[in-house]
Amino acid sequence: MTLTEEELRDKIYACWEGKNIGGTLGGPTEGRMEWLHLEKLEGIGNDPLPNDDLDLQLVNLHAVEQRGLNITTQDLSKEWLEHVRFPYDEYGYALTNLRKGLVPPLSGYFENPFVDCMGSPIRSELWAVLAPGKPAIASYLAYQDAMVDHAGGEGVYAEMYNAVLESLAFEESDRETLIEKAVAFLPAGCVTAKVIRDTLKWYREGVSYTDIRDLILKSCGSDNFTYAPQNMAFITVGLLYGSDFGDCLLKAVNMGYDTDCTGATTGAICGILWGRKGIPAAWREPVSERIAVSKEIVGLDWPRTISELTRRSMILQQQLAPEAEEDFLFIPMTDFDRQIFCLPQGASFTRSLRVTLKTKETPVPGQKLTIFCVLKNRTHDRWQASVSCRENNWTSPVMDLEDQSTVPVQFEVTVPEEAAEREEALAKSVKEDRIPKTMTLHLTVARYDQGGLWVRYPIEFTLPVGSRWSVDGQTVYTKGQEVVLKGEGLHKITTTLTVPSDRPMRLIAACSQPVRVRIRPDQTDGRPVVNDPDEEVYMPAYHRAPKEQTAELELKAGKYQVDIQVDSRAEETRLSLMPCAPREDFCMMYIDCAIG
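Residues numbered from 1 in each chain as written. Predicted model: local features only at pLDDT ≥ 70, side-chain atom pairs only at ≥ 80, totals over all residues. Heavy atoms only, no water.

Some points on the sheet that holds strand 3 (residues 368-377)
For clarity, the threshold we go by: Strands are treated as partners if at least two bridges between them are detected by DSSP. Under the scheme used here, helices are H or I runs from DSSP no shorter than 4 residues and strands are E runs no shorter than 2 residues, and both carry numbers assigned from the N terminus. The angle between two axes is taken between their N-to-C directions and runs from 0 to 180 degrees, where each axis is a line fitted to C-alpha atoms and a helix contributes only its stretch in contact.
Pairing is antiparallel in the open sheet, where 4 strands are placed in the order 1-2-3-7. The open sheet has two edge strands with one neighbour each: strand 1 (339-343) and strand 7 (406-414). Neighbouring strand axes in the sheet, compared pairwise and without regard to direction, differ in orientation by 20° on average. In the sheet, strand 1 pairs with strand 2 (residues 353-358) via 5 bridges, with the strands oriented antiparallel. If you follow I340 over to strand 2, its bridge partner there is T356.

See the structure below:
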């Protein structure tokens, strides 16, 4: 680093200040997908608006302060369970999966239709601030973060890109060079890399600001305003076409779509590039130095001001400064169905015995299931270890694990009969704090040393059990709440919904085609609880599914038959049945209800 400590502090302060300003500018227009015509900050009083773009980075800051600099995706997932209550899109799915006991990367992958969206790209600044001028470290930390809720999607690549660009921006001031260097960190085939390269190419070819939006949307536009590639391109446009801090913000935000995200990220990048002197008073004064935090962030002592956030960031940055980039190597995954455990519990991702567990089939009640286990010795010691499973009284032979070696092992278990088939068994499982539609295996890794058993490490490995549906007269099992319908025409689907206690419920039947839902025992005097005759954007989100596809119900404890009709005009149609909490401000999936 060629920056002095004071210059570095100035850029970090401006990064967080720009983030606060940009999120406040774009927050009121989030989700509007037309050209906007904002000219300045107005109508907000003298305080910033709370924004998940900054909220989740305060959680990550707390995580690093509590758990150390070599933070893992497993560490971060535990912080989510403690401190995050957001129901929105990928956040809601990740939290549902984590509450069920699924471990990353599966928590960010399983049934998650929002892995390609903006929830993680907006969390990049902390990693750049901790590793200014060290893009490999920033990329690694961003990857760990994104895997919690975006495993296998464009959201991972977009967060890595932002973290790298922002890390480089502490020393590189040329915006075109920054973009070229940062995009080189991404796989060439990912959509994010392609559209960023195309945007840079169009800019150099002289495409006007008013015309480039159409080219971007033609290349990667989506009906979902949070889709990451299109918004990453809008950020790129703001950086390339903007003349100064305010102009960059307005150029990005006025393209519409996920405007709080594009504004916040653009503001942070400009803050790093130009420091506090680059943020005019006209932009700074309406926001003030205060940090506003959403009510869904709980249980932590977050910084109240930009100054405090800068001070705490600087402390961690100075601790990380001596670390070499080669100790933070990014190793891309291709298999996101697995769950990863580091032993002993709390050990770092890079220096431990790593245990990977997965299956290749959907667990079906009453059938045998093969569990694939891989032990990876990440230390420079020689290990001897065995694996045992309590549920089938199985124990592997003692295995030798040399320095950095990998040993695979597999075994079979029988999936228990589904508790949802018996109401009293389901009620018993909930009373005992067991979650229906999952199975948990209790594994033990035993380490041998000094000629005998030295220590045992317990692992709880949780799997989602398949849901049973009748689709056009055929019984099928799916991984969870979503079923895929093949072919045009009228499809008839039947499943069961088991509710363990009396409660209000929002039942969502998300589908892109006309859908009708009835439940028995009848709750509505013969009327469908859902009756949407129109084609919709498929939006299986807890908080923003089309109102025509939601039903507000008061259900007694018991088992209900759910009859669904989908009039499909497409070759493939997806249907999600989602039992959720009814409150608008805290909508979440009920994990103690069972579908199928």
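Additional details are given in the paragraphs that follow.
Focus on the environment of G155
When you line up the elements, G155 lands in helix 8 (residues 154-168). Residues G155 and S313, spaced 158 residues apart in sequence, show a C-alpha to C-alpha distance of 24 Å.

Quick look at unusual backbone geometry
Let me state the cut-off plainly: With a 1.4 Å probe rolled over the protein chains alone, any residue whose accessible area is under 20% of its type maximum counts as buried; one over 50% counts as exposed, and the rest are partly exposed.
The peptide bond linking P104 to P105 adopts the cis configuration, its omega dihedral lying at 5°. Secondary-structure assignment places P105 in the loop between helix 4 (89-100) and helix 5 (106-109). The backbone of Q404 shows a phi angle near 65°, a positive value even though the residue is not glycine. Its place among the elements puts Q404 in the loop between strand 6 (399-401) and strand 7. Classification of Q404 as partly exposed rests on a relative accessible area of 29%. Non-glycine residue D472 carries a positive phi angle of around 50°. Among the structural elements, D472 can be located in the loop between strand 10 (467-471) and strand 11 (474-478).

Some words on the sheet that holds strand 19 (residues 572-580)
With antiparallel pairing, the 4 strands of this open sheet are ordered in space as 12-19-14-17. Both edges of this open sheet fall to strand 12 (482-486) and strand 17 (550-555), since each of them pairs with a single strand only. Recorded for the sheet is a direction-independent mean angle of 20° between the axes of neighbouring strands. Pairing between strand 14 (residues 503-511) and strand 19: 6 bridges, direction antiparallel. Counted as the bridge partner of I508 is M578 from strand 19.

Digging into the pattern of salt bridges
Opposite charge on two side chains permits them to pair, given that their charged atoms come into close proximity. What counts, and what does not: The working definition used for a salt bridge is a side-chain nitrogen of Lys or Arg within 4 Å of a carboxyl oxygen of Asp or Glu.
In the structure shown here, the tally under the stated rule is 33 salt bridges. Between R123 and D145 there is a salt bridge whose closest N-O contact spans 3.0 Å. Here the residue R123 occupies a position in the loop between helix 5 and helix 6 (125-130), and D145 occupies one in helix 7 (residues 135-150), the gap between them amounting to 22 residues. Under the relative-accessibility criterion, D145 is labelled buried at 0%. Residues joined in a network through salt bridges with shared partners are E482, K486, E572 and R574.

Some thoughts on the nonpolar core
For clarity, the threshold we go by: The set of buried Ala, Val, Leu, Ile, Met, Phe, Trp, Tyr and Cys residues whose side-chain atoms join them within 4.5 Å is what this entry labels a nonpolar core. Whether two residues touch is decided by their heavy atoms; if any such pair falls within 4.5 Å, the residues are in contact.
The biggest cluster of nonpolar side chains holds 110 residues, and the ones touching the most others in it are W80, W127, Y161, I216 and W283. When sequence neighbours within four positions are dropped, the list of residues in contact with Y161 reads I179, A182, V183, L186, I196, M232 and T236.

Considering the pairing of strand 19
The buried fraction of strand 19 is high, at 7 of 9 residues. With 5 bridges joining them, strand 12 and strand 19 adopt antiparallel strand pairing. Among the inter-strand pairings, V484 is bridged to a residue of strand 19, identified as R574.

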